[in-house]
Amino acid sequence: MEENVIYFKSPNSFTGEDILEINCHGGLAVIDKIYNKLRLTKLKPIISSTYSIIFNRDGYNELNSTVSKNNYSKVFLLVDENTEKHCLPNLDKKVDFSFQIIKIKSGEHYKNLDTCNEVWKFLNNNADRKSLLINLGGGVITDMGGFIASTFKRGIDFINIPTTLLSIVDASVGSKTGINFNSLKNQIGVFSDPILIIIDTEYLKTLDERNIKSGYGEIFKHSLICLLYTSPSPRD
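Source: prediction; values computed, not measured.

Conventions we followed
- Residues numbered from 1 in each chain as written.
- Predicted model: local features only at pLDDT ≥ 70, side-chain atom pairs only at ≥ 80, totals over all residues.
- Heavy atoms only, no water.
- Pairing = 2+ DSSP bridges.
- Helix = DSSP H or I, 4+ residues; strand = E, 2+ residues; numbered from the N terminus.
- Contact = heavy atoms within 4.5 Å.
- Axes fitted to C-alpha atoms, helices over the stretch in contact; angles between N-to-C directions.
- Phe/Tyr/Trp six-rings, centres within 6.5 Å; stacked < 30°, edge-to-face > 60°.
- Buried < 20%, exposed > 50% of the residue type's maximum accessible area, 1.4 Å probe, protein only.
- Salt bridge = Lys/Arg side-chain N within 4 Å of Asp/Glu carboxyl O.
- pLDDT = per-residue confidence, 0-100.
- Core = buried A, V, L, I, M, F, W, Y, C linked by side-chain atoms within 4.5 Å.
- Expected span 1.5 Å × (residues − 1).
- Arc of directions from axis to C-beta.
- Polar contact = N/O pair within 3.5 Å; in protein donor to acceptor, adjacent residues only side chain to side chain.

1. Some words on the sheet that holds strand 7 (residues 132-137)
Backbone-to-backbone hydrogen bonds join strands into a sheet, with any given pair of strands oriented parallel or antiparallel.
In step 1: On the basis of which strands lie adjacent, the open sheet formed by seven strands has the order 3-4-11-8-7-5-6 and mixed pairing. Two strands close off the open sheet at either side, each with one partner strand: strand 3 (46-47) and strand 6 (100-104).
In step 2: Bridging between strand 5 (residues 75-80) and strand 7 involves four bridges; their strand directions are parallel. Bridging from a neighbouring strand, Val-75 pairs with Leu-132 of strand 7.
In step 3: Along the sheet face, helix 5 (residues 113-126) touches strand 5 and strand 6 and points at about 160° away from the line of strand 6.

Here's what the structure looks like:
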């Protein structure tokens, strides 16, 4: 076995003996390997009783259909300065509806009530119960955007479009929303389902090495947990 390579076998995405190889010391070049593997692989949608996770072009087709079908009064897009610059142009080419941008500052430091209050004020003057909020960003955007949507007028629809590897594999899924409070992480929040999650692998190309490694760490953690609960016990 090649040195410094972790081998992940993913029964949900690949079949037989297909293996995704991740070189631990490959740096930014590693994302090209993953991106090309995902780009050439037809990723099946993940359907649950409450919401669906749909990949790439199929996800945007579903998004366009959802917005048209639900006849929303207004659509709002929550971004920070990074996703506005690096991710918004990609999304803008793939949707066929108009939306109004809400921009907040990036970073965990701004995942708080003060930021929520500013967005709630904006929504109070521009939105109603038939509005939709789309969260385009990493974990801060999807956590806080989901919380803002779930509490504004007792809840409006929201959609997550995660743009970091960490938010793709963790933050945007599982219906977790919330903000930090008194320097403690995720102390205020609710469990609330998005109506849709879109995973677009194009956004992986916008990540720096730090964010790539952060996502790898979460994947590795989930892999270990999966092994813990699926491996046969010694008595078996």
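So that's the structure; there's more coming.
2. Quick look at the packing of aromatic side chains
In step 1: Considering all chains together, one arrives at three aromatic pairs under this definition.
In step 2: Ring geometry for Phe-97 against Phe-99: centres 6.4 Å apart, planes inclined by 70°, an arrangement best described as edge-to-face.
In step 3: With relative accessibility at 22%, the residue Phe-99 sits in the partly exposed group.
In step 4: When the ring of Trp-120 is compared with that of Phe-147, the centres are 6.0 Å apart and the planes differ by 55°; the resulting orientation is tilted. Of this pair, Trp-120 sits in helix 5 while Phe-147 sits in helix 6 (residues 139-151); the two residues are 27 residues apart in sequence, bridging distant segments of the chain.
In step 5: Overall, Trp-120 belongs to the partly exposed group, its relative accessible area being 21%.

3. Brief notes about the pattern of salt bridges
In step 1: Under the criterion given, the structure shown has six salt bridges.
In step 2: Residue Lys-103 is joined to Glu-84 by a salt bridge in which the shortest nitrogen-to-oxygen separation is 3.0 Å. Placement of the pair is Lys-103 in strand 6 and Glu-84 in helix 3 (residues 81-86), with a sequence separation of 19 residues.
In step 3: Residue classification places Glu-84 among the partly exposed residues on the basis of a relative accessible area of 28%.
In step 4: Residues Asp-200 and Lys-94 are paired through a salt bridge, measuring 3.2 Å at the closest nitrogen-oxygen approach. Of the two residues, Asp-200 sits in the loop between strand 11 (196-199) and helix 8 (209-230) while Lys-94 sits in the loop between helix 4 (88-92) and strand 6, which places them 106 residues apart along the sequence.
In step 5: Within the structure, one salt-bridge network assembled from shared partners comprises Glu-108, Lys-111, Asp-143 and Lys-185.

4. Regarding the confidence of the model for the chain
In step 1: Overall, the prediction assigns the chain a mean pLDDT of 84, with 80% of residues at 70 or greater.
In step 2: This model gives residues 1-25 a pLDDT under 50, and the stretch forms 36 contacts once residues within four places in sequence are excluded.

5. Concerning the pairing of strand 11
In step 1: Of the two faces of strand 11, the one carrying Leu-196 and Ile-198 and the one carrying Ile-197 and Ile-199 are both buried.
In step 2: Looking at chain direction, strand 4 (residues 52-55) and strand 11 are connected through four bridges and run parallel. Residue pairing across strands places Ile-54 opposite Ile-198, the latter belonging to strand 11.
In step 3: Pairing of strand 8 (residues 157-162) with strand 11, which is carried by two bridges, proceeds in the parallel orientation. Each residue of the ladder has a partner; that of Asn-160, found in strand 11, is Ile-197.

6. Concerning unusual backbone geometry
In step 1: In the Ramachandran plot, Arg-154 falls in the positive-phi region, its phi being about 65° despite a non-glycine side chain.
In step 2: Note on placement: Arg-154 falls in the loop between helix 6 and strand 8.
In step 3: For Asn-182, which is not glycine, the phi dihedral falls at a positive 55°.
In step 4: With a relative accessible area of 61%, Asn-182 lands in the exposed category.

7. Quick look at the nonpolar core
In step 1: Within the largest apolar cluster, 21 residues are counted, with the highest numbers of intra-cluster contacts made by Tyr-60, Leu-63, Leu-91, Ile-134, Leu-136 and Ile-161.
In step 2: Within the residue set of this core, elements represented by two or more residues are helix 2 (56-70), strand 5, helix 4, strand 7, strand 8 and strand 11.
In step 3: Discounting chain neighbours no more than four positions away, the residues touching Leu-91 are Tyr-60, Leu-77, Phe-99, Leu-136, Ile-161 and Tyr-203.
In step 4: Ile-141, Phe-147, Ala-149 and Ile-179 belong to the second-largest nonpolar core, a separate cluster that totals 19 residues.

8. Some words on helix 5
The periodicity of an α-helix, 3.6 residues per turn, causes residues three or four positions apart to be oriented the same way.
In step 1: For helix 5, spanning 14 residues, the distance from its first C-alpha to its last is 20 Å, which sits close to the expected 20 Å at 1.5 Å a residue.
In step 2: The set of residues buried in helix 5 consists of Thr-115, Cys-116, Val-119 and Leu-123. End-on, the buried residues of helix 5 take up no more than an arc of 95°, which puts them together on one face. Exposed positions of helix 5 whose direction lies more than 90 degrees from the buried face are Asp-114, Asn-124 and Asn-125.
In step 3: Elements that come into contact with the buried residues of helix 5 comprise strand 5, strand 6, helix 6 and strand 9 (179-181).
In step 4: Among the residues of helix 5, the N-terminal cap falls to Asn-112, whose side-chain oxygen and the backbone nitrogen of Asp-114 are separated by 3.2 Å.

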